[in-house]
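As a plain string of letters, each chain reads:
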Amino acid sequence: MTVVLDRSHDISQPLEKLSPDETLKANSDQLRGTIAAGLDAELTAAVPGNDIKLMKFHGLYQQDDRDIRDERRRQKLEPAYRFMARVRLPGGVLSPSQWLKLDELGRAYAGETLRLTTRQTFQLHRIHKTKLRTVIQGLRDVLLDTRAACGDDSRGVMASINPQLSALHAEIHALAKKASDHAIPKTGAYREIWYGEERIAVKGPEEPLYGKTYMPRKFKIGFVIPPINDIDVYAQDLGFIAIVEGKKLKGFNIAIGGGMGRTDNAPKTYPRLATVIGFIPKDKVLETCDATMAVQRDYGDRADRSHARFKYTIDDKGVDVIKAEIESRLGSSLKPAKPYDFTSNGDAIGWQRGEDGREHFTLLIENGRVSNFADVKLFDGLRAIARVHKGMFRVTPNQNLIVADIEPGDRSAIEGLLKEYGLDRLNAGSGLRINAMACVALPTCGLAMAESERYLPTLVRKIETILAGHGLTDEPITIRMTGCPNGCSRPYIAEIALTGRAPGKYNLYLGGGFHGQRLNKMVLENAGEPAILDHLAKVIGHFAKERLPGEHFGDFAIRAGHVAEVTEGRYFND
Ligand code: SRM
Ligand code: SF4
């Protein structure tokens, strides 16, 4: 079922109040704009004007190298403009030949590195404008694209990767892929601009779901298989929680309105955990995507982009109103939500055997960065594995990688390569490092106010020393860092979180739920490393002495009074 654009419900926005981005979308000829001409502008490495905003819908971000921004300014040169391309990879599953193509493109055009993201896909950074078509056509050769990886549309669809549940994983992954294909824009702009195809006339609207103005803001969908909340379902705009009876998938509990983004000192912006509103049978997934997206499309705030995510629409109108709207568009009521239970949101590192007998190796990739480092040739090692591997790869929601679906007879060859390239050593992390995530931040992210990916490993090693002093090296504790408050590593649900305020300065948060069920709360504002380590040493020391058996660090921090519990699924102020 495709929901046809129906703006009769659009009660909230008088046309004259629309934000400039709405006008840009409306006048873009369904995301074509003048992107093609901008690519040919020879005097600059940038794309002129507003087309960079439209390019986000094509999965492409214009950025500049911030490490050399000041130097270039001094030399009166334009910033070192390059592009980031984000691949669309629903559920994070890719074949060895797709890996090899990404490897080839990463080496040739993207600074000899690949970046696994917190939504289970790849980013290629530092691509020159003149090479964008080459990269995108290269991706097409292996049936990959960057459509809707960014922009005001349905973003990369996530799915649990639990390697042990082979059949269920396959079924959920297939649904995630279907939902992604179904919910992305249908405009021919991408094919015309990047593949050089002729425009084909279409009967009826080119975008039956999105219309001319697409969504008010990004919209994120994810599928999770309890008991592992690896995708952080409560951070999704629309989450599907698998309900399984006797190994058979029955349907999904629906969770709506999750989101992490906030702005410092702007109390009207806040992280929010998704609200579970009911249950649908498994054959209603696409209709539920359509109905929910249509409600946000019609009611979301199109005047103020900082208030345009689904979470704000829900809080402004009320969960019951939004639920009733979804039901009315579905043409049926949601059933009451069914019981389910989560126990963690991390990855099980190392070897696991699936119920079908095939083997899976989860490799810890610190902050998702695939490169040839001085001490370990990770990029080369993974290329060597991809050349012999007969199964698939899976990118996890924690920026790690699974060499998946290995027949038992092929395991020793993979093990040999892991050893040869020293990759097996990467998994020897503490419970903290295994559960650590950092966003990209500097030098590519234009919004970063502090380091994240390049700093978290150093900080983790210092916290590991404190933990080791208390015999807590193996204790699983979630820690997440970002270079700004936007929340790209989903920090506001970690047991320890740091969000960047200025170079070397972070807000420290404690008390998030171990399986992503509770938001954390700020305990230090704008603090440097010494203050952060002092504070953590105090809480960790107390934890070592007085924790209850099996008690997680975030739960203890609250019980012991180190931080107040966030009892609501959202907070307005720190
Ligand atoms: Fe993000 C913007 C990187 C996951 C919330 N995010 C950005 C941009 C594109 C910066 C920009 O707008 O100029 C970053 C590019 C940095 C770079 O150089 O690569 C960026 N986000 C990332 C990635 C790569 C972080 C990572 O280290 O893996 C993740 C890519 C995911 C993907 O594959 O699609 C990434 N971003 C997230 C998540 C986590 C998630 O979705 O599960 C969130 C929080 C969840 C949410 O959406 O609420 C997230 N990113 C944001 C926001 C805040 C949105 C908001 O509602 O306020 C922004 C800023 C914005 O959109 O205005 C942002
Ligand atoms: Fe950039 Fe901020 Fe996202 Fe980090 S959290 S990648 S600094 S937007």
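Please read these numbers as outputs of a predicted model, since none were measured by experiment.

Caption draft 1: Structural context of the packing of aromatic side chains. A full pass over the atoms with the stated rule returns 17 aromatic pairs. A network of ring pairs unites the aromatic residues F57, Y210 and Y214 as a single cluster. Above the plane of the ring of F379 lies R107, whose end atom (NZ or CZ) is 4.2 Å from the centre. In this structure, R140 is placed above the aromatic ring of Y195, and the distance from its NZ or CZ to the ring centre is 4.4 Å.

Caption draft 2: Geometry of the side chain of E207. Position of E207 relative to the elements: it lies in the loop between α8 (189-195) and β7 (221-224). Among buried Asp, Glu, Lys and Arg side chains, E207 stands out as unpaired, with K186 the closest opposite charge at 6.2 Å. Within the structure, E207 has its side chain in polar contact with the backbone nitrogen of T187 (distance 3.1 Å). Residues contacting E207, with those up to four places away along its chain left out, are Q30, P185, K186, T187 and Y214.

Caption draft 3: The arrangement of the packing of helix α5 (residues 96-109) against helix α6 (residues 132-141) in detail. Put simply, α5 and α6 touch, their axes get as near as 10 Å, and they point 165 degrees apart. Here α6 runs roughly antiparallel to α5, going by the angle between their axes. For the pair α5 and α6, the sense of crossing is right-handed. Residue-level inspection shows K101, L102, L105 and Y109 of α5 in contact with α6, the latter providing T134, V135, G138, L139 and D141. Within the contact of α5 with α6, the residues separate by chemical class into 5 nonpolar, 2 polar and 2 charged.

Caption draft 4: Region of interest: the side chain of R518. Considering the arrangement of structural elements, one finds R518 in the loop between β19 (505-510) and β20 (521-527). At a separation of 3.3 Å, a polar atom in the side chain of R518 contacts the main-chain carbonyl oxygen of G512. Polar contacts involving the side chain of R518 include one to the side chain of D555, which spans 2.8 Å. Setting aside anything within four residues of it in sequence, one finds R518 in contact with L273, Y492, I493, G511, G512, G513, G554, D555, I558, E565 and V566.

Caption draft 5: The arrangement of the site of ligand 2 in detail. Every residue lining ligand 2 is accounted for by C439, A441, C445, L447, A448, T482, G483, C484, N486, G487 and C488. Of the residues contributing to the shell around ligand 2, the split by class is 7 nonpolar, 4 polar and no charged.

Caption draft 6: Spatial organisation of the coordination of the iron atom of ligand 1. Within the protein, just one atom coordinates the iron atom of ligand 1: C488 (SG), at a distance of 2.3 Å. With respect to the helices, strands and loops of the structure, C488 is situated in the loop between β17 (479-482) and β18 (496-502).

Caption draft 7: Region of interest: the nonpolar core. Judged by nonpolar contacts, the single largest core of 91 residues is most densely connected at W99, F122, W194, F223, F240, F252 and L382. If near-sequence neighbours (up to four positions away) are discounted, W194 is found in contact with I35, L39, M55, H58, L60, L132, R133, I136 and Q137. Membership of the second largest hydrophobic core comes to 33 residues, among which are L472, I477, I532 and A557.

Caption draft 8: Structural detail: the packing of helix α15 (residues 456-469) against helix α16 (residues 529-546). One can describe the packing of α15 onto α16 by two numbers: an axis separation of 10 Å at closest approach and a directional angle of 30 degrees. Classified by the interaxial angle, the pair formed by α15 and α16 is roughly parallel. Note on packing geometry: the crossing formed by α15 with α16 is right-handed. Where α15 abuts α16, its residues L459, K462, I463, I466 and L467 lie against E529, L533, L536, A537 and I540. Across the contact of α15 with α16, the residue classes tally to 8 nonpolar, no polar and 2 charged.

Caption draft 9: Quick look at helix α13 (residues 411-420). Those residues of α13 lying buried are I414, L417 and L418. End-on, the buried residues of α13 take up no more than an arc of 100 degrees, which puts them together on one face. Residues of α13 that are exposed and point more than 90 degrees away from the buried face comprise S412, K419 and E420. Packing partners of the buried residues in α13 comprise β11 (350-353), β12 (359-363), α12 (378-388) and β15 (401-406). One or two steps after α13, the chain reaches G422, where phi turns positive at roughly 75 degrees.

Caption draft 10: Expanded view of the pattern of salt bridges. Evaluation of the coordinates by the stated rule reveals 56 salt bridges. Taking the shortest distance from any N to any O, the salt bridge between D67 and R454 comes out at 2.9 Å. Here the residue D67 occupies a position in the loop between β1 (60-64) and α4 (69-74), and R454 occupies one in the loop between β16 (436-438) and α15, the gap between them amounting to 387 residues. Judged by relative accessible area, D67 falls into the partly exposed class, the value being 47%. The class of R454 is partly exposed, set by a relative accessible area of 40%.

Caption draft 11: Looking closely at the sheet that holds β18. Judged by pairing direction, the sheet is mixed, and its 5 strands sit side by side in the order β16-β17-β18-β19-β20 without closing on themselves. Each edge of the open sheet carries a strand with a single partner, namely β16 and β20. Each adjacent strand pair in this sheet contributes to an overall mean axis angle of 15 degrees, direction not counted. The pairing of β19 with β20 spans 4 bridges and is antiparallel. Within β20, the position partnered with L508 by the bridge is L524. Set on the sheet, α15 makes contact with β16, β17 and β18; between it and β17 the angle comes to about 145 degrees.

Caption draft 12: A look at unusual backbone geometry. Cis geometry marks the peptide bond from P226 to P227, where omega comes out at 15 degrees. In this structure, P227 sits in the loop between β7 and β8 (238-245). With phi around 70 degrees, Q399 is a residue other than glycine that occupies positive phi space. The topology assignment puts Q399 in the loop between β14 (392-395) and β15. Judged by its relative accessible area of 0%, Q399 falls in the buried class. Although it is not a glycine, R490 sits at a positive phi angle of roughly 50 degrees.

Caption draft 13: Layout of the environment of Y421. Inspection of the secondary structure assignment puts Y421 in the loop between α13 and α14 (431-434). Since its relative accessible area comes to 25%, Y421 is described here as partly exposed. Distance in space between the C-alpha atoms of Y421 and R480 is 28 Å, their sequence separation being 59 residues.

Caption draft 14: Geometry of the site of ligand 1. The full set close to ligand 1 counts 29 residues, and T117, Q123, K218, C488 and R490 are the nearest of them. Contact distances for ligand 1 include 2.9 Å between an oxygen atom and a backbone N or O atom of T118. Interatomic distance of 2.7 Å between a side-chain N/O atom of T444 and an oxygen atom of ligand 1. A breakdown of the residues in the shell around ligand 1 according to their chemical character gives 9 nonpolar, 12 polar and 8 charged.

Calculation criteria
- Residue numbers here run from 1 along each chain, matching the order of that chain's written sequence.
- Going through the entries in the order they are written, you letter the chains from A and number the ligands from 1.
- Reporting in this predicted model follows two pLDDT cut-offs: at least 70 for local features of residues, and 80 or more for side-chain atom pairs to be given and counted; totals over whole chains, interfaces and linings ignore these cut-offs and use all residues.
- Hydrogens and water molecules were not included; the side-chain quantities draw on all heavy atoms of the structure.
- Here a Phe, Tyr or Trp ring, Trp counted by its six-membered ring, pairs with any other such ring whose centre lies within 6.5 Å, and the pair is stacked when the planes are under 30 degrees apart, edge-to-face when over 60, and tilted otherwise.
- Any Lys NZ or Arg CZ found within 6 Å of a ring centre and within 35 degrees of that ring's normal is scored as a charge over the ring.
- The way it works is that DSSP assigns letters per residue, a run of H or I at least four long becomes a helix, a run of E at least two long becomes a strand, and they are numbered from the N terminus.
- A 1.4 Å probe rolled over the protein chains alone gives each residue an accessible area, and that area as a share of the maximum for its type sets the label: buried under 20%, exposed over 50%, partly exposed in between.
- Counted as positive: Lys and Arg. Counted as negative: Asp and Glu, with His and the chain ends omitted from the count.
- Here, a salt bridge means any side-chain nitrogen of Lys or Arg that lies within 4 Å of a carboxyl oxygen of Asp or Glu.
- By the criterion applied in these results, polar contacts are pairs of N or O atoms within 3.5 Å in which, for protein atoms, one can donate a hydrogen and the other can accept it, and in which residues neighboring in sequence qualify only through two side-chain atoms.
- Should any heavy atoms of two residues lie within 4.5 Å, those residues are counted as being in contact.
- Here the axes come from fitting lines to C-alpha atoms, over the contacting stretch only for helices, and the angles between their N-to-C directions go from 0 to 180 degrees.
- An angle counts as roughly parallel when it lies under 35 degrees, as roughly antiparallel when it exceeds 145, as roughly perpendicular when it falls between 65 and 115, and as oblique in every other case.
- The hand of a helix crossing depends on one turn: near helix anticlockwise from the far one by less than a right angle means left-handed, and clockwise means right-handed.
- Side-chain classes are defined by residue name, with Ala, Val, Leu, Ile, Met, Phe, Trp, Tyr, Cys and Pro counting as nonpolar, Asp, Glu, Lys and Arg as charged, and the others, Gly among them, as polar.
- Nearness is defined per residue: one heavy atom within 4 Å of the molecule or strand is enough.
- Here a donor is any nitrogen, oxygen or sulfur atom (N, O, S) within 2.8 Å of the metal, with 3.2 Å used for Na, K and Ca; water is not among the atoms considered, so some sites may look incomplete.
- Put simply, a nonpolar core is a bunch of buried Ala, Val, Leu, Ile, Met, Phe, Trp, Tyr and Cys residues held in one set by side-chain atoms that sit within 4.5 Å of each other.
- For this quantity, the arc is that covered by the directions from the helix axis to the C-beta atoms.
- At least two DSSP bridges between two strands are needed for those strands to be called paired.

No statement about biological role is implied by the geometric values presented.
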